[in-house]
Amino acid sequence: MSGEIIKSLIVPPHPHPVLCPEKNEGWQKIRDAYDEARRQIEESDADLIIIYSTLWPSVIGHQIQADPNPEWVMVDADFHDLGSIHYSLKIDTDFAHAWNKANISRGLESRTVAYDGFPVDVGSVVALELLNPNNRIPAVICSTNVYSNRAETTVLAKSCLDVIKAQGKKAVAVSVMSLSNRMFTEPIEPHEDRIHSLKDDEWNQKILEFLSEGRLEDIGQLSRTIHDQIRVKKVVAFKPMWWLSAMNENRNDLTGKVLAYEAIHGAGAAVVVLDPQSNGTGDKEYDEDDVDFYGGDRNVLDSSEDEIESTPLNSGPALYDPVEGKTAVNTDKAPKPVGAYPHARKEGDLIYLSGVGPRQPGDNSIPGGPIKDKAGNPLNYDIKAQTRAVVDNIARILEEAGSSLDNVIDVTSFLVDMDRDFSGYNEVWAETLGKVGPTRTTLAIRALPTPIAVEMKVIVKV
Amino acid sequence: MAKGSIVAGCLAPHPPHLVYADNPEQNEPVSEGGWEQLRWGYERLRESLKDVDYDVIVVLSPHWQTYVGTHFIGVEKCSSKSVDPVFPNLFRFNYDLTIDVELARAIHDQAKSEGMSVKMMENPDFRVDYGTIVSCHMVRPEWDKPIVSISSNRSLSYYSVEVMQEMMMELGRSTAKAIEESGKKCVLLASNSLSHRHFVTETNPPEDMSKEHITSHAMHLGDMRMIDLMRSGKSQQIINEMPEFCDQAIAESDGGALTWLLSAMGVPSQPATLHGYGTIIGTGNAIMEWPCHTWGEQ
Ligand SMILES: [Fe+2]
């Protein structure tokens, strides 16, 4: 199955376009743009709407709504006089649980919530009310963690993509957010509404210029600057662009269209649609580590006993120092062997490598996550991240041996799940060793000694 | 009519863990206890208020966050379920409470006449925030006194701690004046923690006290400094140090509740009683009481 993001949206969170669009021309334009976005979704083959809401802050990692039918009456904390919104939503609970699991296997703190009376946030309610009336397609809603950084937010999107692909979903990704979020601190008459300040307006225009050029990743990279410039420091920062960009594999060449940009009580409200078709311009330059697995500051609670438990090898056999010898090649930059053997041997003008997996030197973690937990329960993992890590490990051993990937002449690859993983592995191969052109044999095997999915045996010219 | 008065002011933190650990019938989740230091602290506060005669509880909670001024609930009967969006596993509380709309409106009107941005909340579907409910429940689990619920105007987000405090000082004075004119005896609750850095993981079960501690030594020092100042009656000093404290301890007093409380009591030089201190998922919480009814006419 080939799941994918078929559309991405940026929409504003305030209730005005639902409750009283007629009171102000700009609010009506936002409502019309919402309606246009809804039509576009209806005309597509979308079967899932994914909401990342900046108005649902969380502390314990990320929370994903998993009540099949959250139902209540929403009243805005500030704009309660505009009225109430009765909501009754349809949640794709399978997806919610799978996303939660994928988050955990990528190292994130994550949980689902399914409680009668849970207060779905105003942003999610407004967005789903207008984009998906009558619950035409199911939705899933995720919180914004108040402490999460860019790496964590990026990994959150990647685990979401894992599930989209695994379940073959045609998904619409929605960031519910204001651009500039400074509101008037006094009540205003509807006709008095405008963007709070000229500076906010100028930054909003700049953001929208980028988005209309499909340069989503550039906006992601500017997020911290934007946050400093035009964002009131409310509980969550300008994070949704990190999430949305990672949901689009950090692309900068989407096809973007701004459907409306108006003020709601002073804040910058925009409806923007980003389609995955390449607009043929702008390549990306990713400016930070492209993280696949979150290994950040998660262990605030741990006592020393937990630290031992959480050592990231994800279990497995004992580790050995690589065996030394006259022709042996060993390096600290490759993972420790799981038996008495060297990383490689140089014989004449050939270098023979011991089987190389994706484990990381030092902490022994597995990019893309382990394939099973300590109890042997299967976990969702990212074969592409694992394969990339294998190639990186090979490159480091070869560097120690005075050679490089360019000189690889023969590879035998071992996969533990050919059906699941061959295409992902093949994709990374094509981007890396495939360009060098060694001969290759790929075998399916029952297991490898550590909880990894791929290993390569390599012969290289010096 | 006799003049109304503030008979006690309390710092009454609201982590939902406290109600969860108490297992009242209104709350759906069931626990094995936990956070006893703080719950015993609330017990001592209740004991201390037992013989104090009062009509209304006035509470300012940072979990009704308003950006367009300060709001007051103006619906007399509020009953619904309050579910904490951050800890829904701990707090799903069925409430049925009475608002003293008359007093709420009096404070609203007084603040308005002083030029503040204020608004009455009159939508019957509105759900009361969990901060308000936790603080009121821990102080008066009988729910037999009406309350006045005041939102936390997030002026800090727009300006600075200094401006936030100026506004909260004014709101405090307006509150005191309206109470005096109302003839009612009131207990005021500032519903907030002190240092406010959370753990981002939760133990299983959440009430596993072997993992509960302050997130850092710096947070502890900040909390102890504030408690010292409160216990020695140095209210003005607290206000002076508030910007630094909010910054360094990411303190929840940034919502303005403590400043409002101190101002309403006239920035007292009388000492507060410490009823308890403890941490909840890493945040620092103190239960304090300023027994104004013992101070006599000022
Ligand atoms: Fe709080």
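Refer to the structure printed above.
Residues numbered from 1 in each chain as written. Chains lettered and ligands numbered in written order. Predicted model: local features only at pLDDT ≥ 70, side-chain atom pairs only at ≥ 80, totals over all residues. Heavy atoms only, no water.

## Comments concerning empty space enclosed by the protein
Residues and elements named next belong to chain B. In this structure the tally under the stated criterion is one cavity of 30 Å³ or more. Lining the largest cavity we find 13 residues, and of these W35, T203, P206, E212 and I281 sit closest to its centre. Class assignment of the residues belonging to the lining of the largest cavity gives a composition of six nonpolar, three polar and four charged. (1 Å grid on protein atoms, 1.4 Å probe; cavity = no way out; pocket = protein on both sides within 12 Å on 5 of 7 lines; lining within 4 Å. Points joined across faces, edges and corners; volume = space filled by probe spheres on them. Nonpolar A, V, L, I, M, F, W, Y, C, P; charged D, E, K, R; others polar.)

## Considerations on the environment of M167(B)
Residue and element names in this part refer to chain B. Relative to the elements of secondary structure, M167 occurs in helix α6 (residues 161-182). For M167, a relative accessible area of 24% puts it in the partly exposed group. Sequence separation between M167 and G69 is 98 residues; the distance between their C-alpha atoms is 10.0 Å. (Helix = DSSP H or I, 4+ residues; strand = E, 2+ residues; numbered from the N terminus. Buried < 20%, exposed > 50% of the residue type's maximum accessible area, 1.4 Å probe, protein only.)

## Quick word on the coordination of the iron ion
Residues and elements named next belong to chain B. The coordination sphere of the iron ion contains the protein donors H14 (NE2), H63 (NE2) and E252 (OE), at a distance range of 2.0 to 2.1 Å. Given the relative accessible area of 2%, H14 is considered buried. A residue is classified by how much of its surface remains accessible, and H63, at 28% relative accessible area, is partly exposed. (Donors = N, O, S within 2.8 Å, 3.2 Å for Na, K, Ca; no water.)

## Things to note about the interface of chain A and chain B
Across the contact, 43 residues belong to chain A and 40 residues belong to chain B. Roughly 3,800 Å² of surface becomes buried between chain A and chain B when both sides are summed, with 57% attributable to carbon and sulfur atoms. For the pair chain A and chain B, the number of links is three salt bridges. Notably, a salt bridge pairs K119(B) with D81(A), separated by 3.2 Å at the nearest N-O pair. Where chain A packs against chain B, one counts 19 residue pairs in polar contact (both at pLDDT 80 or more). Among the elements of the structure, β2 (48-58), β4 (71-74) and β6 (110-113) of chain A are those that each provide at least two residues to the side of chain A that touches chain B. (Contact = heavy atoms within 4.5 Å. Buried area = accessible area lost by both parts, 1.4 Å probe. Salt bridge = Lys/Arg side-chain N within 4 Å of Asp/Glu carboxyl O. Polar contact = N/O pair within 3.5 Å; in protein donor to acceptor, adjacent residues only side chain to side chain.)

## Structural notes on the nonpolar core
All names here are of chain B. Among the nonpolar cores identified, the biggest contains 52 residues, and L11, V58, L171, L188, M230, W260 and W290 are the most heavily contacted of them. Ranked by the residues each element gives to this core, the list is headed by α6, at seven residues. Apart from the residues lying within four places of it in its own chain, the contact partners of V58 are L103, I107, V148, I150, I179, C186, V187, L188, L189 and W260. (Core = buried A, V, L, I, M, F, W, Y, C linked by side-chain atoms within 4.5 Å.)

## Quick notes on unusual backbone geometry
Cis geometry is adopted by the peptide bond preceding P205(B), which originates at N204(B) and carries an omega value of 0°. Take P205(B): it is sitting in the loop between β8 (185-190) and α7 (217-231). Of note, the phi angle at N250(A) is positive, near 55°, even though the residue is not glycine. For N250(A), the position within the fold is in the loop between α8 (240-247) and β9 (255-264).

## Considerations on the sheet that holds strand β12 (residues 344-347) of chain A
Residues and elements named next belong to chain A. Taken together, six strands build an open sheet; the order of strands is β11-β12-β13-β16-β14-β15 and the sheet is mixed. If you trace the sheet from one side to the other, it starts and ends with β11 (328-329) and β15 (439-444), each paired once. The strands that helix α10 (residues 383-400) touches are β11, β12, β13 (350-353), β14 (408-415) and β16 (454-461); relative to β16, the one it contacts most, it runs at about 30°. The strands touched by helix α11 (residues 418-431) are β14, β15 and β16; relative to β15, the strand with the most contacts, the crossing angle is about 160°. (Pairing = 2+ DSSP bridges. Axes fitted to C-alpha atoms, helices over the stretch in contact; angles between N-to-C directions.)

## Observations concerning the pattern of salt bridges
Side chains that carry opposite charge are capable of pairing whenever their charged atoms lie near each other. Going through the model one piece at a time under the given rule, you end up with 39 salt bridges over all chains. Residue D162(A) is joined to R106(A) by a salt bridge in which the shortest nitrogen-to-oxygen separation is 2.7 Å. Placement of D162(A) in helix α5 (residues 150-167) and of R106(A) in the loop between α3 (93-105) and β6 is noted, with a sequence separation of 56 residues between them. Each member of the pair, D162(A) as well as R106(A), carries the same accessibility label: buried. Its salt-bridge partner being E122(B), residue R105(B) comes within 2.6 Å of it at the nearest N-O pair. Of the two residues, R105(B) is situated in helix α3 (residues 101-113) and E122(B) in the loop between β6 (118-121) and α4 (130-139); the sequence distance between them amounts to 17 residues. Residue classification places R105(B) among the partly exposed residues on the basis of a relative accessible area of 33%. With a relative accessible area of 46%, E122(B) lands in the partly exposed category. Residues joined by salt bridges that share partners form a network here, namely R31(A), D35(A), R38(A) and E42(A).

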